[in-house]
Amino acid sequence: FDNIILSFVKLEPQSQRTVMGEMLGKWQGGCDAAFISMRIEHLIAEGKIKVCEEKVDDHDCYWPRTIALV
């Protein structure tokens, strides 16, 4: 599943919210936002995705931050 997530992340920075929205639009019913977010955190920890600009919304959610492929 991580490879599917990586296919939605680009080399140029984009918001994590955009990546998740595009993925959820394509994979309706196949996964939820919390799962995708958790896997993105894992891919960041593995060094496959980088955080370009750290942003947090009013609910301490990381979705507004920008991410890109390493």
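Residues numbered from 1 in each chain as written. Predicted model: local features only at pLDDT ≥ 70, side-chain atom pairs only at ≥ 80, totals over all residues. Heavy atoms only, no water.

Q: I keep staring at helix H2 (residues 16-26) and nothing clicks. Help me out?
A: Because an α-helix packs 3.6 residues into every turn, residues spaced three or four apart end up facing the same way. All of the buried residues along H2 are Gln16, Val19, Met20 and Met23. Buried residues of H2, seen end-on, are gathered within an arc of 95 degrees and therefore sit on one face of the element. Taken together, the buried residues of H2 touch helix H1 (2-8), strand E1 (14-15), helix H3 (33-45) and strand E3 (66-69). (Buried < 20%, exposed > 50% of the residue type's maximum accessible area, 1.4 Å probe, protein only. Helix = DSSP H or I, 4+ residues; strand = E, 2+ residues; numbered from the N terminus. Arc of directions from axis to C-beta. Contact = heavy atoms within 4.5 Å.)

Q: Got a minute to help me understand the side chain of Gln14 in this structure?
A: Assignment of secondary structure puts Gln14 in strand E1. At a separation of 3.1 Å, a polar atom in the side chain of Gln14 contacts the main-chain amide nitrogen of Lys10. Not counting residues within four places of it along the chain, the set of residues in contact with Gln14 comprises Phe8, Val9, Val19, Glu22, Arg65, Thr66 and Ile67. (Polar contact = N/O pair within 3.5 Å; in protein donor to acceptor, adjacent residues only side chain to side chain.)

Q: Just checking my understanding: could you explain the sheet that holds E1 for this structure?
A: Strand pairing in a sheet takes place through backbone hydrogen bonds and is either antiparallel or parallel in direction. Across the sheet, which stays open at both edges, the three strands sit in the order E1-E3-E2 with antiparallel pairing between neighbours. Both outer strands of the open sheet, E1 and strand E2 (49-53), are each paired with one neighbouring strand and no more. (Pairing = 2+ DSSP bridges.)

Q: Sorry if this is basic, but what is going on with the confidence of the model for the protein here?
A: Interpreting fine coordinate detail is not advised for predicted regions of low pLDDT. Summing up the model confidence of the protein, the mean pLDDT is 88 and the portion of residues at 70 or higher is 86%. Considering each helix and strand of the protein separately, the mean pLDDT is smallest for H2, with a value of 90, and largest for E3, with 96. (pLDDT = per-residue confidence, 0-100.)

Q: Is there a simple way to explain the pattern of salt bridges in this structure?
A: Think of it this way: side chains of opposite charge can pair up when their charged atoms draw near. Enumeration over the complete set of coordinates arrives at four salt bridges. Between Arg65 and Glu41 there is a salt bridge whose closest N-O contact spans 2.1 Å. Separated by 24 residues along the polypeptide, Arg65 in the loop between E2 and E3 and Glu41 in helix H3 bring together distant segments of the chain. For Glu54, the salt bridge goes to Arg65, with nearest N and O atoms at 3.4 Å. Within this pair, whereas Glu54 is found in the loop between E2 and E3, its partner Arg65 is found in the loop between E2 and E3, the two being separated by eleven residues in sequence. What makes Glu54 partly exposed here is its relative accessible area of 48%. Judged by its relative accessible area of 3%, Arg65 is buried. Overlapping salt bridges, with partners in common, bring together Glu41, Glu54 and Arg65 in one network. (Salt bridge = Lys/Arg side-chain N within 4 Å of Asp/Glu carboxyl O.)

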